[in-house]
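# Structural overview for review
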Amino acid sequence: MNYTAEVTEMCPVAKGAYHGPAPIPEEGKWVQVKGIKDVSGFTHSIGWCAPQQGACKLTLNVKDGIIEEALIETIGCSGMTHSAAMASEILIGKTLLEALNTDLVCDAINTAMRELFLQIVYGRTQSAFSEGGLLVGASLEDLGKGLRSQVGTMFATSAKGPRYLEMAEGYCSRIALNADDEIIGYEFINLGKMMDFIKSGIDANEAIKKATGHYGQWDAAAKYIDPRKE
C-alpha cells in the first residue's frame with residue numbers, strides 16, 4: 001500500500017477500542033456482519049424499470065450469504081417475463097454481492113435486487129426474528145395453492161366507469177351491477193384450480209364451472225356484464 005509523504009511523516013497514534021459493527025437481527029440471532037457470509041434472511045423487494053413501464057417483486061432466501069431460493073414476479077411488460085426466466089437461473093447459488101453486481105437482464109429486476117440488498121444487510125427481513133429462519137421454498141407459500149402471483153388488474157374510463165379484470169381470487173369473468181349500475185360483486189375463475197382440475201382429467205368446461213366463484217352481493221344484482229365485452 002502506498003502513502004503520501006505527509007502521511008508517511010506522521011507520528012503513529014493508537015486507534016483505541018474496537019467495538020465492531022452494530023449487530024443486526026438475523027433469523028432469531030443478533031449478528032455483527034463483517035462479511036457477506038455473515039448475512040442470512042428471507043425478504044422481498046420491489047423494483048421498477050427506467051421508463052417505469054413495468055415492475056418486479058423479488059423474493060430471496062439467503063443462507064450464509066448464498067441465495068438459496070428466488071421468486072421473481074413481474075408485471076407490465078411482456079419482455080420482463082423472459083427476463084425473469086433468465087434471472088431465476090442467474091440468481092441461485094450466487095452470493096449477495098455477486099447478485100448485486102450481476103446484470104439480471106431487466107432494469108426492474110436489477111432495481112429490486114439493489115433495494116433487497118439494502119434491506120437484508122440492515123436486518124430488515126421477514127425472518128429477522130424467526131429462529132432458524134424460513135425453510136427454502138417458503139416463497140411458494142405467498143403464491144397459494146395455485147402457485148400464481150397475486151394480481152389485481154382494473155381498467156376504468158370517466159365515460160364508461162370501472163371494469164374488474166383480475167383479482168387475487170382469479171380471472172374476473174363477470175361483474176354484478178345494481179339498479180343504479182354500481183358494482184356490487186363479481187364472478188371469478190380461479191385459474192390455478194381450473195388447471196389442476198383439467199390435469200386430473202376433468203373436462204375443461206366442467207373444470208371452469210368447478211373453479212368459478214362469486215364475491216359480494218352477487219345474487220342481488222340487477223344485471224351482470226362481461227367486463228371485457230360490454
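Residue numbers restart at each chain and count upward from 1, following the sequence in its written direction. Selection of residues for local features in this predicted model requires a pLDDT of at least 70, selection of side-chain atom pairs for listing and counting requires 80 or more, and totals for whole chains, interfaces and linings are taken over all residues. Excluded from the side-chain calculation are hydrogens and water; included are all heavy atoms of the structure.

### A short note on helix 4 (residues 107–121)
Secondary structure elements are defined from DSSP: runs of H or I of at least 4 residues count as helices, runs of E of at least 2 residues count as strands, and each element is numbered from the N terminus. Here the expected span of a helix is defined as 1.5 Å times the quantity of residues minus one. Along its 15 residues, helix 4 runs 21 Å from first to last C-alpha, staying within 8% of the 21 Å computed at 1.5 Å per residue. For helix 4, the set of buried residues is Ala 108, Ile 109, Thr 111, Ala 112, Met 113, Leu 116, Phe 117 and Ile 120. In this structure, the buried side of helix 4 is in contact with strand 1 (24–26), strand 3 (41–48), strand 4 (55–63), strand 5 (66–75), helix 2 (78–91) and helix 3 (96–100). We call a residue buried when its accessible area falls under 20% of the maximum for its residue type, exposed when it is over 50%, and partly exposed in between, using a 1.4 Å probe and counting protein chains only. Contacts were defined at the residue level, with two residues in contact if any of their heavy atoms lie within 4.5 Å.

### As for the pattern of salt bridges
Any carboxyl oxygen of Asp or Glu that lies within 4 Å of a side-chain nitrogen of Lys or Arg is treated as forming a salt bridge with it. Counted by the stated rule, this structure contains 8 salt bridges. Between Lys 63 and Glu 27 there is a salt bridge, with the nearest N and O atoms lying 3.0 Å from each other. On the criterion of sequence distance, the pair formed by Lys 63 in strand 4 and Glu 27 in the loop between strand 1 and strand 2 (29–31) is long-range, its members being 36 residues apart. Since its relative accessible area comes to 9%, Glu 27 is described here as buried. Notably, a salt bridge pairs Arg 114 with Glu 115, separated by 2.8 Å at the nearest N-O pair. For Glu 115, a relative accessible area of 23% gives the class partly exposed.

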